[in-house]
Amino acid sequence: MRKKVTIVGAGNVGATTAHWLAAKELADIVLVDIVEGVPQGKALDLLESLPIEKSDVGVVGSNDYDLTAGSDIVVITAGFPRKPGMSRDDLVRANAEIVSAATAQIVKRSPNALLIIVTNPLDAMCEVARRVSGFPRERVLGMAGVLDSARFCTFIAMELGVSIDNVHAFVLGGHGDQMVPLPRYSTVAGIPITELLDKATIDRLVERTAKGGGEIVNLLKAGSAYYAPGRAITEMVDAILKDKHKILPCAAYLQGEYGIHNLFIGVPCRLGAKGLEQVVEIKLTAEEGAALQKSAQAVEALVKTLG
Ligand code: APR
């Protein structure tokens, strides 16, 4: 039987994720959104592209959760964007309500599903989904690191004029300005970028990576990134559905790893059919460790606003 992936939120990120998943023939897809007609319309449009793509997956849209029953993976992208005049805390509370309601509906119908949270602020929304679902940490993950690393890769490849195929980048920490790109572990054809670029250049690329989401928002004016986020989600789904034991940077609930307790933060995770198989711990310098702790404190402060 084909695998089933539900995507809650048929907006830009949700619909683009459905597009990537369908093109790669990874699973049957259910799109759920509160706006009447939108998930149905996008699902039908996407389905009608598949005879050309030669992809045999089903795509349906709905305003309720019944069709989501028995999902293997549920991706939650539903939420409000930050509106003018809205504080970060207001956004946390508004999106927490949405993520909480969606999670409760999902758990009733797919008690064995694996949750991939995308709604921002990401790390805090992962905690909402964990609390509401009661799922073990193996089955609640957040998508941020794959996206942030891809952005870092893009900028490194552009700077050096090399194929993106040669570039591997490493990013830790919370999703946002406090993320911790790790140049020492970022390589081009296996060579650390610290051997190829001077410090000022690396600092500039790191800064652009940390502000990567904002750069797109400033260009688009209305809305935020969705092509790269959609592809990044697809990478996690692929690793899980194919039981690849692949190490990808994801937001995971730490229980002592990196000296951090009971908090979601971006770390290298080995992903397979069961979800999170292992949090991979790497040695950090004092400076990198301090940056990760600072990032964790920022996530902790957001989680506190949840009450
Ligand atoms: N249930 C289901 N869908 C909902 C709900 C809800 N309770 N509330 C809102 N939505 C839907 C909206 O109708 C909209 O279609 O969530 C969708 C969000 O889509 P967009 O506004 O296009 O936002 P998008 O760019 O997809 O980003 C979604 O991902 O990367 C993060 O920061 C981003 O938190 C944001 C999320």
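### Some points on the packing of aromatic side chains
Then, in step 1: Under the criterion given, the structure shown has 3 aromatic pairs.
Then, in step 2: On the numbers, 4.9 Å between centres and 35° between planes, the contact of Tyr226 with Tyr227 is tilted.
Then, in step 3: Relative to Phe264, the ring of Tyr253 lies with its centre 5.2 Å away and its plane at 50°, an arrangement referred to as tilted. Taken as a pair, Tyr253 in strand E12 (residues 246-255) and Phe264 in strand E13 (residues 261-272) lie far apart in primary sequence, 11 residues in all.
Then, in step 4: A relative accessible area of 7% places Tyr253 in the buried class.
Then, in step 5: Among the residues examined, Phe264 registers a relative accessible area of 1% and is labelled buried.
Then, in step 6: Its end group placed over the ring of Tyr253, Arg130 keeps NZ or CZ at 4.0 Å from the ring centre.
Then, in step 7: The side chain of Arg139 reaches across the aromatic face of Phe135, ending 4.1 Å from its centre.

### With respect to the layout of surface pockets
Then, in step 1: A volume near 750 Å³ is recorded for the second largest pocket.
Then, in step 2: Contributing to the lining of the second largest pocket are 31 residues, with Val146, Ser149, Ala150, Arg151 and Cys153 lying nearest its centre.
Then, in step 3: Those elements that place two or more of their residues in the lining of the second largest pocket are helix H5 (145-160), strand E7 (167-168), helix H7 (212-220), helix H8 (227-241) and E12.
Then, in step 4: With 7 residues, H5 is the single largest residue contributor to the lining of the second largest pocket.
Then, in step 5: A class-by-class count of the residues in the lining of the second largest pocket yields 21 nonpolar, 4 polar and 6 charged.

### Some thoughts on the pairing of strand E3 (residues 59-62)
Strand residues, when the strand is regular, have side chains that alternate between the two faces of the sheet.
Then, in step 1: Judged from the 4 bridges that link them, strand E2 (residues 28-32) and E3 form a sheet pairing that is parallel. Residue pairing for E3: Ile29 is matched across the bridge by Val59.
Then, in step 2: The parallel pair E2 and E3, bridged by helix H2 (residues 38-53), forms a crossover whose chirality is right-handed.

### Considering the nonpolar core
Then, in step 1: Ile116 and Val237 are the most contacted members of the largest nonpolar core, which has 83 residues in total.
Then, in step 2: A per-element tally of this core places H8 first, with 7 residues.

### Structural notes on the packing of helix H1 (residues 12-23) against H2
In a pair of packed helices, the angle between the axes and the distance between the axes together describe the arrangement.
Then, in step 1: Where H1 contacts H2, the axes come no closer than 10 Å and their chain directions differ by 25°. It follows from the interaxial angle that H1 and H2 lie roughly parallel. For the pair H1 and H2, the sense of crossing is right-handed. Residues Ala15, Ala18, His19, Ala22 and Ala23 of H1 pack against Lys42, Leu46, Leu50 and Glu53 of H2.
Then, in step 2: Across the contact of H1 with H2, the residue classes break down as 6 nonpolar, 1 polar and 2 charged.

### Brief notes about the site of the ligand
Then, in step 1: Contacts to the ligand come from 16 residues, most closely from Asn12, Val13, Asp33, Thr77 and Asn120.
Then, in step 2: Measuring from an oxygen atom of the ligand, one finds a backbone N or O atom of Asn12 at 2.9 Å.
Then, in step 3: Contact with the protein chains covers 80% of the free accessible surface of the ligand, which is 730 Å².
Then, in step 4: In terms of residue class, the shell around the ligand is built from 8 nonpolar, 7 polar and 1 charged.

### Looking at the sheet that holds strand E10 (residues 187-188)
Then, in step 1: Across the sheet, 3 strands lie side by side as E7-E10-E11; this open sheet has antiparallel pairing. Since the sheet does not close on itself, it has two edges, and those belong to E7 and strand E11 (191-192), each with one partner.
Then, in step 2: Pairing of E7 with E10, which is carried by 2 bridges, proceeds in the antiparallel orientation. Paired with His168 across the bridge in E10 is Thr187.

### Here we look at unusual backbone geometry
Then, in step 1: Residues Asn120 and Pro121 are joined by a peptide bond in cis, for which omega reads -5°.
Then, in step 2: Its place among the elements puts Pro121 in the loop between strand E5 (114-117) and helix H4 (122-133).
Then, in step 3: The phi dihedral of Ala189 is positive, around 50°, even though this residue is not glycine.
Then, in step 4: Here Ala189 shows up in the loop between E10 and E11.

### Comments concerning the pattern of salt bridges
It is possible for side chains of opposite charge to pair when their charged atoms get near one another.
Then, in step 1: This structure, assessed with the given rule, holds 16 salt bridges.
Then, in step 2: In this structure, the salt-bridge partner of Glu127 is Arg130, at a minimum N-O distance of 3.0 Å. Here Arg130 and Glu127 lie together in helix H4, a separation of 3 residues that amounts to about one turn.
Then, in step 3: Where Arg204 meets Glu159, a salt bridge forms, and the shortest distance between an N and an O atom there is 3.3 Å. One end of the pair, Arg204, is in helix H6 (residues 199-210); the other, Glu159, is in helix H5, with 45 residues separating them in the sequence.
Then, in step 4: Several salt bridges share partner residues, and in doing so they unite Glu127, Arg130 and Arg131 into one network.

Definitions and limits used
- Residues numbered from 1 in each chain as written.
- Predicted model: local features only at pLDDT ≥ 70, side-chain atom pairs only at ≥ 80, totals over all residues.
- Heavy atoms only, no water.
- Phe/Tyr/Trp six-rings, centres within 6.5 Å; stacked < 30°, edge-to-face > 60°.
- Helix = DSSP H or I, 4+ residues; strand = E, 2+ residues; numbered from the N terminus.
- Buried < 20%, exposed > 50% of the residue type's maximum accessible area, 1.4 Å probe, protein only.
- Lys NZ or Arg CZ within 6 Å of the ring centre and 35° of its normal.
- 1 Å grid on protein atoms, 1.4 Å probe; cavity = no way out; pocket = protein on both sides within 12 Å on 5 of 7 lines; lining within 4 Å.
- Points joined across faces, edges and corners; volume = space filled by probe spheres on them.
- Nonpolar A, V, L, I, M, F, W, Y, C, P; charged D, E, K, R; others polar.
- Pairing = 2+ DSSP bridges.
- Right-handed = clockwise from strand over helix to strand, strands pointing away.
- Core = buried A, V, L, I, M, F, W, Y, C linked by side-chain atoms within 4.5 Å.
- Axes fitted to C-alpha atoms, helices over the stretch in contact; angles between N-to-C directions.
- Parallel < 35°, antiparallel > 145°, perpendicular 65-115°, else oblique.
- Left-handed = near helix turned anticlockwise from the far one by under 90°.
- Contact = heavy atoms within 4.5 Å.
- Near = heavy atom within 4 Å.
- Polar contact = N/O pair within 3.5 Å; in protein donor to acceptor, adjacent residues only side chain to side chain.
- Areas by Shrake-Rupley, 256 points an atom, 1.4 Å probe, with all protein chains shown as cover.
- Salt bridge = Lys/Arg side-chain N within 4 Å of Asp/Glu carboxyl O.

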